[in-house]
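Structure assessment
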Amino acid sequence: MGLRRSWAGFCLGVGLVLVLVACDVGAGVEEPSLAFDENGTLFINATNRVVVNGVDVQALAMAFSAASSSLDALIELQRELNPPQFEQHAISATMDGSRSACAADLDGDGFLDVLSTNYLQHQISWYRNNGDGSFSDQIVITNTSQSVWYATPADLSGDGQLDIVSVWHNDMIAWYLNTGNGAFSPEPMIITTDVKAGRSVFATDFNNDGYTDVVSASMDDDKIAWYRNNGNSTFSAQIIISTDAVEALSVYAADLNNDGFADVLSASPGDDKVAWYRNNGNGTFTNQIVITTSADGPVSVYAADLDGDGHLDVLSASYLDNKIAWCRNNGNGTFSEQLVISDAADMAYSVYAADLDNDGHLDVLSASYYDDKIAWYRNKGNGTFSDQLIITEAANGAYSVFAADLDNNGDIDILSASYLGDGIAWYRNDDPVAHFFRST
C-alpha cells in the first residue's frame, strides 16, 4: 500500500483515541463523567486513565506520538540519503554575456516563462514555456546599442500583466509595457537617467498605495534610490534613500521588521556592507543600518525566513572570500553576526533561497563565476546547512541563479545564467522522496 497510505490508515484507526485523549484528564475536574450530546458525541472527563474495550487510551496515544516521531526521523534520513537530483536542459546555449535569468508568467497561460538579460548582445529577451518541459526560441524584447545589466518582471501599469523593469549601463532605468500575450512596447519608458552605473533594480509597493514602485542600486554614485509609481504609468523623480553604499551592486526589498511596509536591502562591495533601510511608512527611509561588514565583496543580497521563526533573515554572496552566508533576524530590528554556510563558491556572485527537497525548510542556492558552479545547501531545519551540493560545474562563468517550478510538477527547479558562453539553462528537480509520497 505504501508508506503514506499505511500511515494514513494508522491515523484513521486511532482517530477516536485522539478524540478521547483530548477529553481525557482535565485540570481541575472534580468527578469523572460520561455524557452524550444531542448529536451523539461522546464526552469523557476523567481524573486518571481512560480505558476503552480494555485499551489504555493514554498509553496508546503516547505510542502514537512515538511512532509519529520515528516516521519523521525516517523521512529526514531518507532526504539526507536521497537528496534531489537535477537534470540540466539548455534554454539558450552558446550566448556570451548572459547576466541574469528569472521566471514569471509573462503571457498569462499559467506556465512560468524565462526572462533574461544579455550584456554583450544588448538584449532583454524571454522564452515562452511550452508547458511540456521545453521553451520557445529567444523572443527579443529589446535590442539596442546600449548594454543592459539586469531586468525583472513586475506589474507597473496595474493591468494585471507583468511588465519588465530594467537597468542599463548607460545610466538609465526604464520599463517595457506588457501589451498582452507576451508582447511588449517597442520603446523603453524611461523612469530615470539619474544613476551612475546602475547595477540592480527591484519592484514592490513601498508606500502601500496599491501601485508597484521601483528601487535601484548604482555603483559609481554609491546610491540606493526609489521611484514612486504615480499610478498612471509614470514615476516620480528619483528619491534618494542613501549614498553610503560604496559601489552599490545589489538591491532587494522585503518587510524585515514585520510592520507591513517593505524595507530595502543592499550589498556594496566597495565597503563590504550588507545593510538595510527601514521603511518609515510615510515614503521615507531611515539612514543606512549596517547588518554586517564580514562579507568581503558582497555582490548579491536576498531575504528569506531560513529558520522558520516568522522573521525574514538576510542572505549574501561575496565574491572576494567565496562566501555564502546569512544573518539571523532577531525579530527586534537587529541581526546576528554573519553565519557562514559555505566558503567553497569560487567568486560567489548570486544567492537565492527555495525549498528544493519539499521538507518545509528554505534551502540556499548559489552561482559562482570562477568555478562555473551552480550549487545548493540543504537547510537541516535547525539553523544549520549541509555542505555544498553541486548541481553543475559546467555553467561557464555562472552569474545568476533563480528557482521556480518550471514544469508544473510540484518540485522547485533551478534556472541559471552564464556569462561566458553557456547562456540560459534550467535544471529539472527529480526529488525521489517527494515522488515516493506522491505515488503512494
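Reading the values: rules and limits
- Residues numbered from 1 in each chain as written.
- Predicted model: local features only at pLDDT ≥ 70, side-chain atom pairs only at ≥ 80, totals over all residues.
- Heavy atoms only, no water.
- Helix = DSSP H or I, 4+ residues; strand = E, 2+ residues; numbered from the N terminus.
- Buried < 20%, exposed > 50% of the residue type's maximum accessible area, 1.4 Å probe, protein only.
- Contact = heavy atoms within 4.5 Å.
- Areas by Shrake-Rupley, 256 points an atom, 1.4 Å probe, with all protein chains shown as cover.
- Pairing = 2+ DSSP bridges.
- Axes fitted to C-alpha atoms, helices over the stretch in contact; angles between N-to-C directions.
- Salt bridge = Lys/Arg side-chain N within 4 Å of Asp/Glu carboxyl O.
- Lys, Arg positive; Asp, Glu negative; His and termini not counted.
- Polar contact = N/O pair within 3.5 Å; in protein donor to acceptor, adjacent residues only side chain to side chain.
- Phe/Tyr/Trp six-rings, centres within 6.5 Å; stacked < 30°, edge-to-face > 60°.
- Lys NZ or Arg CZ within 6 Å of the ring centre and 35° of its normal.
- 1 Å grid on protein atoms, 1.4 Å probe; cavity = no way out; pocket = protein on both sides within 12 Å on 5 of 7 lines; lining within 4 Å.
- Points joined across faces, edges and corners; volume = space filled by probe spheres on them.
- Nonpolar A, V, L, I, M, F, W, Y, C, P; charged D, E, K, R; others polar.
- pLDDT = per-residue confidence, 0-100.
- Core = buried A, V, L, I, M, F, W, Y, C linked by side-chain atoms within 4.5 Å.

**With respect to the overall build of the protein chain**
Within the protein chain, the regular secondary structure consists of four helices and 34 strands. Relative to its full complement of 440 residues, the protein chain shows a buried share of 52%. Considering only residue pairs separated by 6 or more positions, the protein chain has 43% of its internal contacts joining residues 24 or more positions apart. Of the roughly 18,400 Å² of accessible surface on the protein chain, a fraction of 49% belongs to carbon and sulfur atoms.

**Some details on the sheet that holds strand β27 (residues 339-342)**
What links the strands of a sheet is backbone hydrogen bonding, and the strands pair in either a parallel or an antiparallel sense. Strand order in this open sheet of four strands is β24-β25-β26-β27, and the pairing throughout is antiparallel. Two strands bound the open sheet, and with one partner strand each, they are β24 (298-304) and β27. Taken pair by pair, the neighbouring strands of this sheet meet at an average axis angle of 25°, ignoring direction. Two strands pair when backbone bridges link them, and β24 and strand β25 (residues 313-318) are joined in this way by six bridges, in the antiparallel orientation. When the bridges of β25 are listed, P298 appears paired with S318.

**Thoughts on the pattern of salt bridges**
Opposite charge on two side chains lets them pair, provided their charged atoms get close. Under the definition given, this model contains 10 salt bridges. D271 serves as the salt-bridge partner of K273, at 3.6 Å between the closest nitrogen and oxygen. On the basis of relative accessible area, D271 is assigned to the buried category, the value being 19%. We note a salt bridge from D307 to R328, for which the minimum N-O separation is 3.1 Å. Taken together, the residues D307 in the loop between β24 and β25 and R328 in the loop between β26 (323-327) and β27 connect sequence positions 21 residues apart. Judged by its relative accessible area of 27%, R328 falls in the partly exposed class.

**Some words on the side chain of D155**
Structurally, the position occupied by D155 is in the loop between β10 (148-154) and β11 (163-168). An unpaired buried charge is present at D155: no salt bridge exists, and R228, the closest side chain of opposite charge, is 17 Å distant. In terms of polar contacts, D155 uses its side chain to reach the backbone amide nitrogen of S157, at 3.4 Å. A distance of 3.3 Å separates the side chain of D155 from the backbone nitrogen of D159, its partner in a polar contact. Beyond its immediate sequence surroundings of up to four residues, D155 is in contact with G160, Q161, L162, D163 and T212.

**A short note on the packing of aromatic side chains**
Considering all chains together, one arrives at 18 aromatic pairs under this definition. Seen from their ring centres, W276 and F335 are 6.1 Å apart, and the 75° between their planes marks the pair as edge-to-face. Taken together, the residues span a long stretch of sequence, with W276 in strand β22 (residues 273-277) and F335 in the loop between β26 and β27 at a distance of 59 residues. For the residue pair W276 and F335, the accessibility class agrees, reading buried in each case. Put simply, the rings of Y319, Y349, Y369, Y370, Y399 and Y419 pair up and form one aromatic cluster. It is R99 that lies over the ring of W149; its NZ or CZ is 3.7 Å from the centre.

**A closer look at the sheet that holds strand β29 (residues 363-368)**
In spatial order, the strands read β28-β29-β30-β31; together these four strands make up an open sheet with antiparallel pairing. On the outer flanks of this sheet lie β28 (348-354) and β31 (389-392), each paired with one strand and no other. On average, each strand axis in the sheet is tilted by 25° relative to the strand beside it, whichever way the strands run.

**Focus: the layout of surface pockets**
If you add up the space inside the largest pocket, you get close to 670 Å³. Lining the largest pocket are 31 residues; nearest its centre among them are Y150, S200, V201, V251 and Y252. Those elements that place two or more of their residues in the lining of the largest pocket are β6 (98-104), β10, β16 (198-204), β20 (250-254), β24, β28 and β32 (398-404). Looking at the lining of the largest pocket element by element, the count peaks at six residues for β10. In terms of residue class, the lining of the largest pocket is built from 22 nonpolar, seven polar and two charged.

**Some points on the environment of S294**
Position of S294 among the secondary structure elements: in the loop between β23 (289-292) and β24. Expressed as a C-alpha distance, the spacing of S294 and L339, which sit 45 residues apart in the sequence, is 9.7 Å. If we skip the residues at most four places from it in the chain, S294 touches D272, D321, K323 and Q338.

**Some remarks on the confidence of the model for the protein chain**
Across the protein chain, the average pLDDT comes to 87, with 81% of residues at or above 70. For the stretch residues 1-29, pLDDT sits under 50, and the model shows 43 contacts to residues farther than four places along the chain or on other chains.

**Considering the nonpolar core**
If you look at the biggest cluster of nonpolar residues, it comprises 89 residues, and the most contacted ones within it are I224 and L415. Those residues in contact with I224 that sit more than four places away from it in its chain are V215, S216, A217, I240, I241, S242, A245, A248, V251, V264, S266 and Y277. V165, V195, V214 and Y399 belong to the second largest nonpolar core, which has 23 residues in total.

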